[in-house]
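Understanding the architecture of this molecule
If you want the building blocks of each chain, they are given just below.
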Amino acid sequence: MREIGGEIGAVLFDKDGTLMDFQASWGPWAASVIARICGADAGLSAAVAQALGFDRSAQRFHPDSAVIAGTPQEVLDLLSPFFPEAASDRLLSWLEPDPAAFVPAPVAGLATTCAALRARGLALGVVTNDFEAAGHDHLSKMGVAEFFDTVVGYDSGFGGKPEPGPCLGAAERLGVAAGACVMVGDSLHDLEAAARAGMIPVAVLTGVAGAEALAPYAEVVLGSVADLPEWLSGR
C-alpha cells in the first residue's frame, strides 16, 4: 500500500452534490421522470413526488430526501408501492437517465481543482451510491475523467454508503492506505462512511445539507471542492 509518511496520498469524492451540482443536475431529471411514469394522474404525481422528497414546482429536492444520498435500491423501494405490478428491472429503467440527454452540471472550478490535486501527486477516486458506469459517464461529460484513477459505485461489489466498504474498496484499488485518504462529500452518508473507513472526512456545501448539520462529523467544512488545494496546503 502506498502511504506517504502519514501524509495524504489520495482524495476520494462523492459524485452528486460534490463534483456535480445536485439540484441543477437532477432536479429537471426528476420532474421529467415523474411526469413520464405518472402521466395525467395528478394525485399519483403528487404522491410520488412527496415520497421522493421532491418539489415539482421548484424542481428541487428537499434536504431530507432519500434520493440525495440513497442507493438505487432505496429509490426503488420508495417507488415500488405506487407501481406494484411493475417489475424491479422496469422500475430501474425508469430511473436511468438517457445518456444522450442528461447533462451533469459540474461545480465551479472542478477541472482546475482536479488538475491542482494531481499536480501534488495525489491519486483521485470517486465513491458514489450511483452505478459505477454512470460515474464514469458523468466524469467524462464534465470533462474530468482523465484525472480520476477509479470509480466505485453501488454495484462495484463493496456495498453502499454509509457502510465503509466502498471507501475501503476505492483505497484498495488505488493502493493507498485508508488512513492516508481524504473522503469529500456533501452528506452525512459520505462523512459516516469516511469515518468508519478510518479516512479523513471533509464536507462541502455544494449539496443540500448545511454547515450546521455537517460540521460535527467533518474535520473541516469547505464551500466546495475548489477550496481543497488551499486547505491541503495549510493542513
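Up top is the structure.
Residues numbered from 1 in each chain as written. Predicted model: local features only at pLDDT ≥ 70, side-chain atom pairs only at ≥ 80, totals over all residues. Heavy atoms only, no water.

Regarding the overall build of the protein chain
- Tallying secondary structure elements over the protein chain gives eleven helices and eight strands in all.
- Here the C-alpha radius of gyration of the protein chain, 18 Å, is about what a compact globule of 235 residues would show, namely 18 Å.
- For the C-alpha atoms alone, the extent of the protein chain along its principal axes is close to 60 × 35 × 30 Å.
- Out of the 235 residues belonging to the protein chain, those deemed buried represent 51%.
- A separation threshold of at least 6 residues defines the contact pool for the protein chain, and within that pool the share at least 24 residues apart is 64%.
- Considering the protein chain, the positive charge centre built from 13 side chains and the negative charge centre built from 29 side chains are found 3 Å apart. (Helix = DSSP H or I, 4+ residues; strand = E, 2+ residues; numbered from the N terminus. Rg over C-alpha atoms; globule rule 2.2 N^0.38 Å. Buried < 20%, exposed > 50% of the residue type's maximum accessible area, 1.4 Å probe, protein only. Contact = heavy atoms within 4.5 Å. Lys, Arg positive; Asp, Glu negative; His and termini not counted. Charge placed at Lys NZ, Arg CZ, Asp CG, Glu CD.)

Remarks on the packing of aromatic side chains
- In total, this model carries six aromatic pairs according to the counting rule given.
- Between the aromatic rings of tryptophan 26 and tryptophan 29, the centroid separation amounts to 4.9 Å while the plane-to-plane angle is 85°, which identifies the pairing as edge-to-face. Taken as a pair, tryptophan 26 and tryptophan 29 lie in helix 1 (residues 22-38) at a separation of three residues, close to a single helical turn. When sorted by exposure, tryptophan 26 lands in the same class as tryptophan 29, which is buried.
- Look at phenylalanine 54 and phenylalanine 61: their rings are 4.8 Å apart centre to centre, the planes differ by 55°, and that puts the pair in the tilted class.
- Here phenylalanine 54 falls in the buried class, since its relative accessible area comes to 4%. (Phe/Tyr/Trp six-rings, centres within 6.5 Å; stacked < 30°, edge-to-face > 60°.)

Things to note about the packing of helix 4 (residues 72-79) against helix 5 (residues 88-95)
- Packing of helix 4 against helix 5 brings their axes to within 10 Å, and their N-to-C directions diverge by 110°. Overall, the two elements helix 4 and helix 5 adopt an arrangement that is roughly perpendicular. On the side of helix 4, the interface is formed by Pro72, Val75, Leu76 and Leu79, while helix 5 contributes Ser88, Leu91, Leu92 and Leu95.
- Among the residues making up the contact of helix 4 with helix 5, the classes are represented as seven nonpolar, one polar and no charged. (Axes fitted to C-alpha atoms, helices over the stretch in contact; angles between N-to-C directions. Parallel < 35°, antiparallel > 145°, perpendicular 65-115°, else oblique. Nonpolar A, V, L, I, M, F, W, Y, C, P; charged D, E, K, R; others polar.)

Considering the layout of surface pockets
- If you add up the space inside the largest pocket, you get close to 620 Å³.
- Contributing to the lining of the largest pocket are 38 residues, with Trp26, Trp29, Pro72, Leu95 and Asp130 lying nearest its centre.
- Contributing elements (two or more residues each) for the lining of the largest pocket: helix 1, helix 2 (42-52), helix 3 (66-69), helix 4, helix 5, helix 7 (132-141) and helix 9 (188-196).
- Counting residues per element, the lining of the largest pocket draws most heavily on helix 1, which supplies seven residues.
- Of the residues belonging to the lining of the largest pocket, the class tally is 23 nonpolar, seven polar and eight charged.
- Counted as a void, the second largest pocket has a volume near 280 Å³.
- As for the second largest pocket, its lining consists of 15 residues, of which Pro63, Ser65, Ala69, Ser187 and Leu188 are closest to the centre.
- At the level of elements, helix 3 and helix 9 are the ones that each hand at least two residues to the lining of the second largest pocket.
- Here the lining of the second largest pocket takes three residues from helix 3, the largest share from any one element.
- Looking at side-chain class alone, the lining of the second largest pocket contains eight nonpolar, four polar and three charged residues. (1 Å grid on protein atoms, 1.4 Å probe; cavity = no way out; pocket = protein on both sides within 12 Å on 5 of 7 lines; lining within 4 Å. Points joined across faces, edges and corners; volume = space filled by probe spheres on them.)

Looking at the pattern of salt bridges
- For the structure on display, the rule yields ten salt bridges.
- Between glutamate 192 and arginine 196 there is a salt bridge, with the nearest N and O atoms lying 3.3 Å from each other. Highlighted residues: glutamate 192 and arginine 196, both in helix 9, separated by four residues, approximately one helical turn.
- Look at the salt bridges and you will find they share partners, linking Asp14, Lys161 and Asp190 into a network. (Salt bridge = Lys/Arg side-chain N within 4 Å of Asp/Glu carboxyl O.)

Points about helix 4
- Every buried residue of helix 4 is listed here: Pro72, Val75, Leu76 and Leu79. Take helix 4 and look down its axis: the buried residues cluster within an arc of 105°, on one side only.
- Buried residues along helix 4 sit in contact with helix 1, helix 2, helix 3 and helix 5. (Arc of directions from axis to C-beta.)

Digging into the sheet that holds strand 6 (residues 181-185)
- One open sheet holds the six strands; their spatial order is 5-4-1-6-7-8, and the pairing between them is parallel. With partners counted over all chains shown, the strands left at the sheet margins are strand 5 (150-152) and strand 8 (220-222), one partner each. Averaged over all pairs of adjacent strands, the angle between strand axes in this sheet comes to 25°, irrespective of strand direction.
- In this sheet, strand 7 (residues 200-204) lies alongside strand 6 in parallel orientation, the contact comprising four bridges. Paired with glycine 185 across the strands is alanine 203, a residue of strand 7.
- Helix 9 contacts strand 6 and strand 7 of the sheet and is inclined by roughly 165° relative to strand 7. (Pairing = 2+ DSSP bridges.)

The quantities given are spatial measurements derived from coordinates; they are silent on function.
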